[in-house]
Amino acid sequence: MIEEERGTLQKKSGSVADLLAEMETAVAKVEAQREQAAGQLAETQLEVPAECTAQEPVQRTAKAPEQKRPEPEPESRKAAGKPEPKPEPPETARTPEQEAPRTPEPESLKPHGSLKEKPHRATRQEKRAKKRLRRQEREDEGLLHSADALIAAFAIPVVIMLIIFVQRGIFPFGEETFLRTDMYHQYAPFFSEFQYKLTHGGSLLYSWDVGMGVNFSALYAYYLASPVNWLLFLCPKGLVIEFMTYQIVLKIGLCGLSMAYYLRKHCRTNDFGIAFFGIFYALSGYMAAYSWNIMWLDCIILFPLIVLGLERLVKDGKGMLYCLVLGLSILSNYYISIMTCIFMVLYFIALLVLDEEMHWEKFVGRGFQFAVYSLLSGGLSAVVLLPEIFALQMTASGDMSFPKTFSQYFPIFDMIARHIGNVETEIGLDHWPNVYCGVAVLMFFILYLLCKRISAKEKAVYCVMLLFFFASFSFNILNFIWHGFHYPNSLPCRQSYIYIFLVLFVCYRAYMYLRDTPWKYVTAAFAGAVVFVLLAQKLVTEDHFHFIVYYVAILFLALYLGAIALYQKGERYYFPALFYALAVVSIEAAVNTAVTSVTTTSRTAYTDDNAAVEELVDTLQPNDTFFRVEKVTRKTKNDGAWMHFPSVSLFSSTANADLSELFKKLGCESSTNAYSITGSTPLIDALFSVKYGLYSEKPEDTSMRTAIGEQDGIWLYQNNDTLPVGFYVAPDFESRWDLETGNPADVQNSLADAVGAEQVLNLVLDTTTEGSDLTFTPETGGEYYAYVGNKKIEKVTATTWKGTKTFTNVDRGYLLELGYCAAGEAVTLTAEDSKEEMWADVYRFSENGLGSVTAKLSAHPWNLTSWTDTSLKGSISCDQEGWLFTTIPFDAGWKITVDGREQEPEKVLDSFVGIWLSAGNHTVSMEYTPKGLIPGTLISAASAVLLALIAAGGHLLRRYREDLKYEQDEEAYDPYVDEDGAPEQTAPSGSGKAYSEHLETEQTEPDHPDERE
């Protein structure tokens, strides 16, 4: 019977109590309906006689063993948030409900015509209702409720971040912004482009606003796939930066919540201490270094839940949580999920080793389930994963060359030393891991090793895993494998969030037994931690460690020692110790985050010209031809995505490697994952259909461009000689254009030679100096370019009659745009921060040469009649067979039709789409569908259906087993008469175990919410 019927549930006011009362009423109604349907007489609940107490239970048969009722716990220990003792096994531990004496049923109320009484099987809803009642009663007696630890694990990191934002003056608390590194150059522009497409109805498959045209579905999968980002549909354009910034804050809080939730479920506890470890997970060194990397955060949030799901799979054979959460992680960011998946394999093996009930059948079954659910999780995300895989094959990351040598980056001691707080984070090309997660772990790890209540097997398994991570941080081959068989370009040890999770988990295991830990162990752990800090001060020589960090670490270790001492003094000091520890944890995490993270940049500088640029770009639509725009004075290479105009430049991990190489050959700046119009000449602008240019300073007037607008100091110019996006070239065009001269000026002149036109770059100076300065005086005014041949020079300053201009990354080999140089005015090139000799070739651009080349190439243009985000259609006429050369980056997703017949696209110059044409007039259409999208969609749909069938089948199987067990228990349910002559229910000989399990399931309520329902 439920508590209210027994009279033990007191009526309470308040919404929670009302809700519980309603639930109890509903349960009672269901019970009454069941009894009536079964033909049973209504059972009348009698009061327990006063003389029948727990100390004097009703006597059963002689063979029934007498069970002792456990001593009631002090009320203070039952309070929510208090560590609970480990429950005894069912054979020895009985709840008061089980030990309460049964009331003899009067003869008049016994069912007639039958000696058997049909037992009532409690439903899952009834069990949950009882659970909530018991939990509510415990919480009403305590200072803290069971949910308070989860709330603290979420709220405290959020509050800390907001306080730091206020101190830093981050908008709206000032005019600064949290745009940092790739968040500045990539994420903000791509978020802006996504928001624009959602609000203006653009295609999510392709975009012309980035890199001459890119597979936007691949860009989405890499940068934007978090489901939360779809809320950009509701976000105004002017608040995209804030959407990202405060999403980071909330996700940091969710990291703490997920970690605390995992500890609560795994350790079957309501202890408030889980909040401490959740806070350190949310504000770890990993988050201090990479919190701006918003595209990774979903995976960090979901990781503890994935681990919890895998544990349930191994323990209970239930893999739905594991499959769904891992699938969501892969969908959100496939890259970090690679590391999660690698660890899942390792952790699965660890769980098999730790399982004391493991046998051959279970081993095979769990291995099969693990494989199936893991494959299904990948299948669920195939709709975004498969197009991304094909896109990445065209990037620099697609070339995976396994290391041929074995090397170590640094020793283990130096890595462990990075657990000390306030150490500068590493996000550059050095390989240091960011592993800080509270200086207290130095103590608690020692306590973990000393704790006798933790098995040696568990200690061995987790220590081996931690040691393996140290090897992964330090050994080049393991580092290569962890990062998806690719060396990371900066942002090292991206898998260190897993290491932090493991460290915090083993430390919490020590914390669980802290009350019973001998004080000598605590002092030994404190001494060991302090000695390690002192050794680190003596032995570590890295610049990341400021001398003050060692003193701060020892101070916090002392504060934690005081918290432990207070905690172990007794019950009355529990809550003071708890709040004291919470304050120390919060302060330490806040100080470390403030010192090592949250750098800012000017929000005003990032957005000041946005409105003017967008207003000028709007005047270009509608346009009668396909065109591209370049912003000459850019903030990022992705300004086109940020301000929504079709552009050439790109900085992205999905950058086409062949296109980057071509840009370098043509004299434009490029790198592993970026290419830009920087260094381009008017010929390259014409070739790439750059019809318009945006300038923050008014350029010199020439016959090559015409001013068409100005807004708030931003000038819009039209280039007078621009080629269409596609045009006819001779069959031998590619072989006649020499791209391998080694000098970009010679490459551009070779293009002119290939089409029989006048050269465009005239050499005026080829000289070397012994010093770092080179000076020349132009004889004729015009546009001048310089090519620095010494690749050891990285920075050059050009001084002209108009002032100075600085060029960086000169070693990438692009042409330096000196601008318009007046005749007779000296120009000086200076190598900055270098003792290398300056030597350079200087060229003057020929306007006549440009007109000659564009006239030749535009003789047979592809005249577009329509174009959208994913399609182009137009006509072209050619006198003889040859190529339709387009400046559309090659992608296997393009479907080509010529005069209604499908035709395979060809790769021209290893970079662009080329279409072979016969002589005559042709109608050519191009339509884009990302390669892998359709099969990926089918795989995701099939995986979802299969997973639903598995879930339904599992549910039906569980119901069948429950019904079967119920029938077996009902058959075994036999009445007998006790010494007082009252009928009692017992199991027949040989079925005592089944009967006791039935009683445990039906009559008792687990004290802990994690026990089975």
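Throughout, a residue's number is its position along its own chain's written sequence, starting from 1. Only residues with pLDDT of at least 70 get local features here, since the model is predicted, and only at 80 or more are side-chain atom pairs given and counted; chain-wide, interface and lining totals rely on the full set of residues. The basis for the side-chain values is all heavy atoms of the structure; hydrogens and waters are excluded.

(A) Here's a closer look at the overall build of the protein. Starting at the N terminus, helices and strands are each numbered in turn, a helix being any DSSP run of H or I of at least four residues and a strand any DSSP run of E of at least two. Across its full length, the protein carries 34 helices and 30 strands. For each residue, the accessible area found with a 1.4 Å probe, counting protein chains only, is set against the maximum for its type, and the residue is called buried under 20%, exposed over 50%, and partly exposed in between. Expressed as a percentage of its 1013 residues, the buried residues of the protein come to 51%. In the protein, once contacts between residues fewer than 6 apart in sequence are set aside, the share between residues at least 24 apart is 75%. Accessible surface for the protein amounts to roughly 44800 Å². Of this, 56% is attributable to carbon and sulfur atoms. A contact between two residues is defined here by any heavy atoms of the two lying within 4.5 Å. Accessible areas in this description were obtained via Shrake-Rupley with a 1.4 Å probe; residue shielding takes into account the shown protein chains only.

(B) Spotlight on the pattern of salt bridges. Any carboxyl oxygen of Asp or Glu within 4 Å of a side-chain nitrogen of Lys or Arg constitutes a salt bridge here. Scanning the model with the defined rule gives 18 salt bridges in all. Here K698 ties to D701 by a salt bridge, and the two come within 3.5 Å at their closest N and O atoms. Assessed through its relative accessible area of 57%, D701 is described here as exposed. Overlapping salt bridges, with partners in common, bring together D608, D609, K631 and K635 in one network.

(C) Local environment of the sheet that holds strand β11 (residues 714-719). Strand pairing follows a simple DSSP-based rule, namely that at least 2 bridges must link the two strands. Spatial ordering of the open sheet is given by β5-β9-β11-β10, a layout of four strands whose pairing is mixed. Strands at the two margins of the open sheet, each flanked by one partner only, are β5 (628-631) and β10 (705-711). Across the sheet, the mean angle separating the axes of adjacent strands is 25° when strand polarity is ignored. Pairing of β5 with strand β9 (residues 690-695), which is carried by four bridges, proceeds in the parallel orientation. Its bridge partner lying in β9, K631 is registered against L694. Contacts from helix α26 (residues 610-618) reach β5, β9, β10 and β11, with the element oriented near 125° to β10. All axes are obtained by fitting lines to C-alpha atoms, using only the stretch in contact for helices, and the reported angles, taken between N-to-C directions, cover 0 to 180 degrees.

(D) Representation of the packing of helix α18 (residues 441-450) against helix α22 (residues 519-539) in the model. Packing of α18 against α22 leaves a shortest axis separation of 8 Å and a crossing angle of 135°. Relative to α22, α18 is oriented oblique. Between α18 and α22 lies a crossing of right-handed hand. Residue-level inspection shows L442, M443, I446, L447 and L450 of α18 in contact with α22, the latter providing Y521, V522, A525, F526, G528, A529, F532 and V533. Angles are sorted into four bins: roughly parallel if under 35 degrees, roughly antiparallel if over 145, roughly perpendicular if 65 to 115, and oblique for all others. Take the far helix as your reference; a near helix turned counterclockwise from it by less than a right angle gives a left-handed crossing, and one turned clockwise gives a right-handed crossing.

(E) Representation of helix α12 (residues 294-316) in the model. Helix length check: α12 (23 residues) gives 34 Å between terminal C-alpha atoms against 33 Å at 1.5 Å per residue, within 8%. We define the bend at each residue as the angle formed by axes fitted to the 7 residues ending at it and the 7 residues starting at it. The largest bend in α12 amounts to roughly 40° and is located at L302, with the proline P304 lying one to four residues further along. Note on α12: the residue one or two positions beyond its end, G317, has a positive phi of about 75°. Multiplying one less than the number of residues by 1.5 Å gives the expected span of a helix.

(F) Inspection of a nonpolar patch on the surface at higher detail. A cluster of nonpolar side chains, V228, L231, F233 and L234, forms an exposed patch at the surface whose accessible area comes to about 410 Å². Inspection of the secondary structure puts L234 in the loop between α8 (216-224) and α9 (240-266). Note on L234: relative accessible area 67%, which makes it exposed. Residues enter patches when their relative accessible area tops 30% and they take part in no salt bridge; the joining distance is 9 Å for like charges and 5 Å for the nonpolar side chains Val, Leu, Ile, Met, Phe, Trp and Tyr.

(G) Structural detail: the nonpolar core. Formed by 237 residues in total, the largest nonpolar core has its most connected members in F272, F343, Y347, F688 and W737. The nonpolar core is taken to be a set of buried Ala, Val, Leu, Ile, Met, Phe, Trp, Tyr and Cys residues, with the residues joined through side-chain atoms within 4.5 Å. One finds V725, Y728, I888 and F890 within the second-largest nonpolar core, a separate group that totals 22 residues.

(H) Main features of unusual backbone geometry. Geometrically, the link from F171 to P172 is a cis peptide bond, its omega value of 10° lying close to zero. Summarising the element assignment, P172 is placed in the loop between α6 (148-168) and β1 (176-177). Cis geometry marks the peptide bond from Q621 to P622; its omega dihedral reads -5°. Inspection of the secondary structure assignment puts P622 in the loop between α26 and β5.

(I) Focus on the side chain of N476. Its place among the elements puts N476 in helix α20 (residues 476-482). For N476, a relative accessible area of 5% translates into the label buried. Residues in contact with N476, not counting those within four places in the same chain, are P403, T405, F406, S407, Y409 and Y487.

(J) Spotlight on the pairing of β9. Across the six residues of β9, six count as buried, placing the element largely inside the fold. Pairing of β9 with β11 involves four bridges; the strand directions are antiparallel. The partner of Y692 across the bridge, within β11, is Q718.

(K) Representation of the side chain of S586 within the structure. Examined against the element boundaries, S586 turns out to sit in helix α24 (residues 574-596). Judged by its relative accessible area of 15%, S586 falls in the buried class. Within the structure, S586 has its side chain in polar contact with the backbone oxygen of L582 (distance 2.8 Å). With near-sequence residues (within four places) excluded, S586 lies in contact with I156, I160 and I279. Each polar contact in these results corresponds to two N or O atoms within 3.5 Å; when the atoms are within protein, one needs to be able to donate a hydrogen and the other to accept it, and residues that are neighboring in sequence are counted only if both atoms are side-chain atoms.

(L) The sheet that holds strand β17 (residues 803-808), seen in detail. Strand order in the open sheet made by the four strands is β14-β19-β16-β17, with antiparallel pairing throughout. Each edge of the open sheet is held by one strand with a lone partner, namely β14 (773-776) and β17. With direction set aside, neighbouring strand axes in the sheet form an average angle of 15°. Relative to β17, strand β16 (residues 795-800) is paired through six bridges, and the arrangement is antiparallel. Bridge pairing in β17 places T797 opposite T806.

(M) Representation of empty space enclosed by the protein within the structure. Cavities and pockets were defined on a 1 Å grid built from protein atoms only: a cavity is a group of points that admits a 1.4 Å probe but offers it no way out, a pocket is an open group of points flanked by protein on both sides within 12 Å along at least five of seven lines, and a lining residue is one with an atom within 4 Å of any such point. Grid points are joined across faces, edges and corners, and a volume is the space filled by probe spheres set on the points. Per the stated rule, a full pass over the model turns up eight cavities of 30 Å³ or more. Space inside the largest cavity adds up to approximately 260 Å³. Taken together, 19 residues form the lining of the largest cavity, with F276, F444, Y511, Y560 and A581 sitting closest to its centre. Among the elements that line the lining of the largest cavity, the one with the most residues is α24, at five residues.

(N) Highlighting the packing of aromatic side chains. Between 30 and 60 degrees the pair is tilted, below 30 it is stacked and above 60 it is edge-to-face, where a pair is any two Phe, Tyr or Trp rings, Trp via its six-membered ring, whose centres lie within 6.5 Å. By the definition in use, this model includes 71 aromatic pairs. For the ring pair Y286 and Y290, a centre distance of 5.1 Å and an interplane angle of 80° mean the geometry is edge-to-face. On the criterion of helical spacing, the pair formed by Y286 and Y290 is a turn pair, its members being four residues apart in helix α11 (residues 285-290). By the burial criterion, Y286 is buried, and Y290 matches it. Relative to Y335, the ring of Y334 lies with its centre 6.3 Å away and its plane at 75°, an arrangement referred to as edge-to-face. Its relative accessible area of 14% is what places Y334 among the buried residues. Accessibility expressed as a relative area gives 7% for Y335, which makes it buried. As a reminder, the over-ring test applies to NZ of lysine and CZ of arginine, requiring each to be within 6 Å of the ring centre and within 35 degrees of the ring normal. The cationic tip of K237 hangs over the ring face of W642; the distance from NZ or CZ to the ring centre is 4.0 Å.

(O) Representation of helix α10 (residues 274-282) within the structure. Extensive coverage of α10 is indicated by the burial of nine of its nine residues. Within α10, burial applies to I274, A275, F276, F277, G278, I279, F280, Y281 and A282.

(P) Focus on the packing of α22 against helix α23 (residues 548-567). It is the contact of α22 with α23, at a shortest axis distance of 10 Å, that shows an interaxial angle of 175°. Viewed along their axes, α22 and α23 adopt a mutual orientation that is roughly antiparallel. For the pair formed by α22 and α23, the contact residues are W519, V522, F526, A529, V530, V533, L534, A536 and Q537 on the first element and Y550, Y551, A553, I554, L557, A558, L561, I564 and A565 on the second. Under the scheme applied here, ten amino acids are nonpolar (Ala, Val, Leu, Ile, Met, Phe, Trp, Tyr, Cys and Pro), four are charged (Asp, Glu, Lys and Arg), and all others, including Gly, are polar. Across the contact of α22 with α23, the residue classes tally to 17 nonpolar, one polar and no charged.

(Q) Summary view of the environment of V372. Relative to the elements of secondary structure, V372 occurs in helix α15 (residues 360-380). Under the relative-accessibility criterion, V372 is labelled partly exposed at 23%. With 575 residues separating them along the chain, V372 and L947 place their C-alpha atoms 9.8 Å apart.

(R) Local environment of the environment of Q903. Note that Q903 resides in strand β25 (residues 901-903). The spacing of Q903 and I915 is twelve residues in sequence and 8.1 Å in space, taken between C-alpha atoms. Excluding anything up to four places from it in sequence, Q903 contacts I896, V898, I915 and W916. There is a polar contact of 2.8 Å between the side chain of Q903 and the backbone oxygen of W916.

(S) Here's a closer look at the confidence of the model for the protein. Scored between 0 and 100, pLDDT is the confidence that the predictor attaches to each residue. On average, the protein scores 85 in pLDDT, and the residues at 70 or more come to 81%. Taken together, the stretch residues 1-14 has pLDDT below 50 and engages in 28 contacts with residues farther than four places along the chain or on a different chain. Ignoring residues within four places in sequence, the model shows residues 984-1013, a span with pLDDT below 50, making 77 contacts including any to other chains.

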